[in-house]
Amino acid sequence: MKTIALLAILFVSYSSWGKVSFKWLGISGFVLDDGVTTLVFDPAMTRAPLYDYLPFRAVQSDEAEVFYWMNRCGIKSVQATFVNHAHFDHVIDAPMVVKKFGGVLYGSSSVINVGLGQGLAAKQVQKIKDNDGWKIGNFTVRIFDTPHAPHIMDIMLMDGNIEKPLKSPTSIWNYRVGDTFSFLITHPSGRIIFQSTGRVMDEDKLKSVTADVLLLTIANRHTSENLIQQRIIPSKARKLIPLHHDNFFYKMNRDKEIDYLWGVKVNEFNKALENAKSLKPIWPKYCEEVHIL
Ligand SMILES: [Zn+2]
């Protein structure tokens, strides 16, 4: 009898810790949930086709698209939304998520200005900086400064900061990068790294950070080898989910097929991992639940 009681206590305390599940929202957007607390990162389900990059075009968060994907992922309320940098394809739906699903928007001053411009109140935004640690439920989110790599040659598109609240709709070119952060998310069940850039730079703040799970941007990577040797192996992660490989110029495909980003070379990345005898990546579809911890 005593044993049963003890097992029951162990079971209850284990399940109240909760296991952490991951659901991909496209690009580098995802949801982490432990059954009590829901965190969202980089929600950008609104997509802009190439012609929206023309200078006279204006873009805005698509409420119907946000609701479709949040519902499909089964998200009812959110405690915190983190955004790694203020480019359109990471930040566009973050204010909408906070407005409609609750919680606080965490990001650089540029990200905060996107939130304020889309009508968030001062208490709904929180500026973050390198080395901060934010506790939300049983999660702690630690912030690392990891500068955005240039897009083409040495050119960085949409460089600089968003200096004042950015009204919406506006040109996509007004979504200036601001600071770029990566995150270490710790939970009683384990540790997760979200690396927001596809490159490991010389000054590498994540160098000695280890985790159970690695959520890794692979768009705009220098080489697959660079990511394997500099991040995947040193992180000691047991699970790897590559991010930022779907085509963000297209609307998110609802029939579960992923349109790959031009030039992202998913097969080459898989092959390089195999050759390095590295861990096998998980490639979930949109909103597919993965028990990561
Ligand atoms: Zn960017």
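If you're wondering where the values come from, they're calculated on a predicted model, not measured in any experiment.

Undergrad: A description of the overall build of the chain should follow, citing residues and the corresponding values.
TA: Secondary structure summary: the chain contains 7 helices and 13 strands in total. In summary, the chain has a C-alpha radius of gyration of 19 Å against a globular reference of 19 Å for 293 residues, a match within 12%. Projected onto the principal axes, the alpha-carbon positions of the chain cover approximately 75 × 45 × 40 Å. Within the chain, counting contacts between residues at least 6 apart in sequence, those at least 24 apart form 63% of the total.

Undergrad: Go over the pairing of strand 3 (residues 38-41) with me, naming the residues and quoting the values.
TA: Burial along strand 3 is two-sided: Thr38 and Val40 and Leu39 and Phe41, pointing in opposite directions, are all buried. Bridge count between strand 2 (residues 29-33) and strand 3: 4 bridges; the pairing is antiparallel. For valine 31, the partnering residue across the bridge sits in strand 3 and is valine 40. Where strand 2 folds back on strand 3, the antiparallel hairpin that results is connected by 4 residues, among which glycine 35 adopts a positive phi of roughly 90°.

Undergrad: I'd like a rundown of the sheet that holds strand 3, residues and numbers included.
TA: Taken in spatial order, the 7 strands of this open sheet run 6-5-4-3-2-1-13, and their pairing is mixed. Lying at the two open borders of the sheet, with one neighbouring strand each, are strand 6 (125-127) and strand 13 (290-291). Against the sheet, helix 4 (residues 94-101) contacts strand 3, strand 4 (80-82) and strand 5 (104-107), and its axis sits at roughly 155° relative to strand 5.

Undergrad: Now, about the environment of lysine 205: what can you tell me, with residues and values included?
TA: Mapped onto the secondary structure, lysine 205 falls in the loop between strand 10 (190-195) and strand 11 (213-217). On the basis of neighbour counts, which here come to 17 C-beta atoms within 10 Å, the residue lysine 205 falls in the partly exposed class. Each C-alpha atom of the pair lysine 205 and phenylalanine 144 lies 6.4 Å from the other, and the pair is 61 residues apart in sequence. The residues contacting lysine 205, other than those within four sequence positions of it, are Phe144, Asp145 and Thr146.

Undergrad: Tell me what's going on with the pairing of strand 11, and back it up with residues and numbers.
TA: Strand 11 sits mainly inside the fold: 5 of its 5 residues count as buried. In the sheet, strand 10 pairs with strand 11 via 4 bridges, with the strands oriented parallel. Across the sheet, the residue bridging to phenylalanine 194 is leucine 215, located in strand 11. By the bridge criterion, 5 bridges tie strand 11 to strand 12 (residues 239-243) in an arrangement that is parallel.

Undergrad: Kindly report on the nonpolar core, identifying the contributing residues and their values.
TA: Counting 79 residues, the largest nonpolar core has Val91, Phe183, Leu214 and Leu215 as the members making the most contacts within it. Contact partners of leucine 214, with chain neighbours within four places excluded, come to Ile193, Ile232, Ser235, Ala237 and Leu240.

Undergrad: Break down the sheet that holds strand 11 for me, citing the residues and quoting the values.
TA: Reading across from one edge, 7-8-9-10-11-12 is the order of the 6 strands in this open sheet, with mixed pairing throughout. Of all strands in the sheet, those bounded by a partner on one side alone are strand 7 (133-136) and strand 12. Taking each pair of neighbouring strands and ignoring which way they run, the sheet shows an average axis angle of 15°.

Undergrad: Explain the confidence of the model for the chain to me, and be specific about the residues and the numbers.
TA: When pLDDT is averaged across the chain, the result is 94; 94% of the residues are at 70 or more. Here helix 1 (residues 2-17) is the element of the chain with the lowest mean pLDDT, 58, and strand 4 is the one with the highest, 99.

Undergrad: I'd love a proper account of the packing of helix 6 (residues 224-235) against helix 7 (residues 266-275), names of residues and values included.
TA: In contact at an axis separation of 9 Å, helix 6 and helix 7 are set at 45° when each is read in the N-to-C sense. Taken together, the axis directions place helix 6 and helix 7 in an arrangement best described as oblique. Taken as a pair, helix 6 and helix 7 cross one another with a handedness that is right-handed. Seen from helix 6, the contacting residues are Ser224, Glu225 and Ile228; seen from helix 7, they are Glu268, Phe269, Ala272 and Leu273. Considered class by class, the residues forming the contact of helix 6 with helix 7 number 4 nonpolar, 1 polar and 2 charged.

Undergrad: Give a description of unusual backbone geometry that names residues and reports values.
TA: The linkage connecting serine 168 with the following residue, proline 169, adopts the cis geometry, with an omega of 0°. Within the secondary structure, proline 169 is located in the loop between strand 8 (139-145) and strand 9 (181-187). With phi around 65°, histidine 244 is a residue other than glycine that occupies positive phi space. Within the secondary structure, histidine 244 sits in the loop between strand 12 and helix 7. You can call histidine 244 buried: it has 24 C-beta atoms within 10 Å.

Conventions adopted
Residue indices begin from 1 for each chain and proceed along its sequence in written order. Totals for whole chains, interfaces and linings use all residues, but because this is a predicted model, local features are given only for residues with pLDDT of at least 70 and pairs of side-chain atoms are given and counted only at 80 or more. Helix and strand definitions follow DSSP, with helices as H or I runs of at least four residues and strands as E runs of at least two, each counted in order from the N terminus. What the globule rule says is 2.2 Å times the number of residues to the power 0.38, and the radius of gyration is computed from C-alpha atoms. It is the C-beta atoms, placed from the backbone, that decide contacts: two residues are in contact if theirs lie within 7 Å. Our exposure labels follow a C-beta count within 10 Å of each residue's own C-beta, placed from the backbone: buried means 20 or more other C-beta atoms, exposed means 12 or fewer, and partly exposed covers the counts in between. Strand pairing is assigned whenever DSSP detects at least two bridges linking the two strands. Where helices are involved, their axes are fitted lines through C-alpha atoms of the stretch in contact, as for all axes, and angles between N-to-C directions lie from 0 to 180°. To define a nonpolar core, we join buried Ala, Val, Leu, Ile, Met, Phe, Trp, Tyr and Cys residues through C-beta atoms within 7 Å and take the resulting set. Per residue, pLDDT measures the predictor's confidence, with a range of 0 to 100. Working definition: roughly parallel below 35 degrees, roughly antiparallel above 145 degrees, roughly perpendicular at 65 to 115 degrees, and oblique for all remaining angles. What makes a crossing left-handed is the near helix being turned counterclockwise from the far one by less than a right angle; a clockwise turn instead makes it right-handed. Here the term charged refers only to Asp, Glu, Lys and Arg, the term nonpolar to Ala, Val, Leu, Ile, Met, Phe, Trp, Tyr, Cys and Pro, and the term polar to all other amino acids, Gly among them.

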